[in-house]
Amino acid sequence: RWTVDKYVDGADSYPHISQAADLLKENEVVAFPTETVYGLGGNALNDEAVAKIFAAKGRPSDNPLIIHIADMNQLEEFVEEIPEKAEQLMEKLWPGPLTLIFKKKEGILSHMATPELSTVAVRMPDHPVALALIKEAGLPIAAPSANRSGKPSPTTAAHVWDDLNGRIAGIVDGGPTGVGVESTVVDCTEETPVILRPGGVTKEQLEAIIGDVRMDPGLQEAGQAPKSPGMKYRHYAPDAPLFLVDGPKEFIQKLVDEKRAEGQSVAVLSTEETKDFYQADYVVACGKRLNLETVASSLYDALRQFNHMEVDVIYGEMFPNEGVGHAIMNRLMKAAGHRVITSE
Ligand code: TXA
Ligand code: MG
């Protein structure tokens, strides 16, 4: 039941989009590329389809899904009202890595897609395959990231295969995704819009369009419940424990040396600029420090690589909390279970 093929020259020449769209119409679930990460799509109007998404991922049933659309007209079918600031953001940033929270119209979407909530998260992905697939299915498509719950989100079709092979009806392979971290989730239903999840669109970009934007305090402070249900779960963690290190590379090397002296196998999550400095059992470079977009784009693949290595402990470099660095640090802190070692 697998639909695996390479997308090469643009959506029009892609042969399997209509096959995948047929599966969606039959309430099967199919993975597809977006500009952020691969999504696991299903018909958002149908309980059976949405149940298959949760089952395939092993996702807690209280964690709501993002509804993906390809056309602005789809929005008013299931959204109660569109706040002015949301309107301005959509105009400038859709299609793109921005998810907006709206009051939902009751009784249209599967209740399982937005469990216990009066709101719904919506986005229009900026990827020709995703847009063509949603258009051809002619449905709002519920799509979480296409990973097993708890794993890093997939940025290639191979990642999806590793996690979901045998559990879903197909994968549309569009090559590696670009942005690499998920969309920014923004709630515009309050006076000052709130970022519930940092992502591909930066706070600075949002503020240039609509003025002041807040970060959900639950994102930073331990013990505060985040407003985006998904942010409370352990996520992105490699199998071996990851420690983030707030300090110079010499300090990281010292930590590596100590563990290796104890006979442990040690890996370092580094960057292109620093990778040749380290002497460890494994060194994985994740993009260029001077270009945080490249770090975002390769972060999840780097985290997944550690699971193919014989490694007891991983030390990771940290990144500045600016621009897409917010999203990178948010994901890394979750992957590390908030363990940070600080040099004195
Ligand atoms: O880039 C992305 O957003 C990817 C691609 C596939 O589009 N999707 C994605 O979906 O990351 P998922 O399910 O892995 O993450 C959705 C996040 C979760 O943190 C969820 O709790 C939050 O959005 N969310 C969904 N509906 C919400 C709502 N009504 N209110 C608050 N947060 C919501
Ligand atoms: Mg996810």
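All figures in this text were calculated on a predicted structure; none of them were measured in a lab.

J.: Outline the packing of aromatic side chains, listing residues and values.
T.: Within this structure, the stated rule accounts for 3 aromatic pairs. Measuring from ring centre to ring centre gives 5.2 Å for Tyr236 and Tyr300, while their planes differ by 5°; the resulting arrangement is stacked. Of this pair, Tyr236 sits in the loop between β11 (214-215) and β12 (242-246) while Tyr300 sits in helix α9 (residues 292-305), placing them 64 residues apart in sequence. Tyr236 sits in the buried class, given a relative accessible area of 3%. Judged by its relative accessible area of 0%, Tyr300 falls in the buried class.

J.: Quick one: what's the story with the nonpolar core, residue by residue and with numbers?
T.: Counting 63 residues, the largest nonpolar core has Trp94, Leu100 and Phe102 as the members making the most contacts within it. Filtering out sequence-adjacent residues up to four positions away, Leu100 remains in contact with Ala86, Leu89, Met90, Trp94, Val120, Ala121, Val122, Val186 and Cys188. Of all hydrophobic cores here, the second largest spans 29 residues; its members include Leu299, Met309, Ile328 and Ala335.

J.: Explain unusual backbone geometry to me, using residue names and the numbers behind them.
T.: For the bond running from Trp94 to Pro95, omega is -10°, close enough to zero to count as cis. Mapped onto the elements of the fold, Pro95 is located in the loop between α4 (84-93) and β5 (98-104). Even without being a glycine, Glu116 presents a positive backbone phi close to 65°. Relative to the helices and strands, Glu116 is located in the loop between β5 and β6 (119-123).

J.: Quick one: what's the story with the pairing of strand β9 (residues 184-187), residue by residue and with numbers?
T.: On β9, burial covers both faces: Thr184 and Val186 on one face and Val185 and Asp187 on the other are all buried. By the bridge criterion, 4 bridges tie β5 to β9 in an arrangement that is parallel. Looking across to β9, one finds that Leu100 is bridged to Val186. The hairpin formed by β9 and strand β10 (residues 194-197) contains 6 residues between the paired strands.

J.: For the side chain of Thr155, give the residues involved together with the corresponding values.
T.: Looking at the element boundaries, Thr155 is found in the loop between β7 (141-142) and α6 (157-164). Owing to a relative accessible area of 4%, Thr155 belongs among the buried residues under this scheme.

Cut-off values and rules
Residues numbered from 1 in each chain as written. Chains lettered and ligands numbered in written order. Predicted model: local features only at pLDDT ≥ 70, side-chain atom pairs only at ≥ 80, totals over all residues. Heavy atoms only, no water. Phe/Tyr/Trp six-rings, centres within 6.5 Å; stacked < 30°, edge-to-face > 60°. Helix = DSSP H or I, 4+ residues; strand = E, 2+ residues; numbered from the N terminus. Buried < 20%, exposed > 50% of the residue type's maximum accessible area, 1.4 Å probe, protein only. Core = buried A, V, L, I, M, F, W, Y, C linked by side-chain atoms within 4.5 Å. Contact = heavy atoms within 4.5 Å. Pairing = 2+ DSSP bridges.

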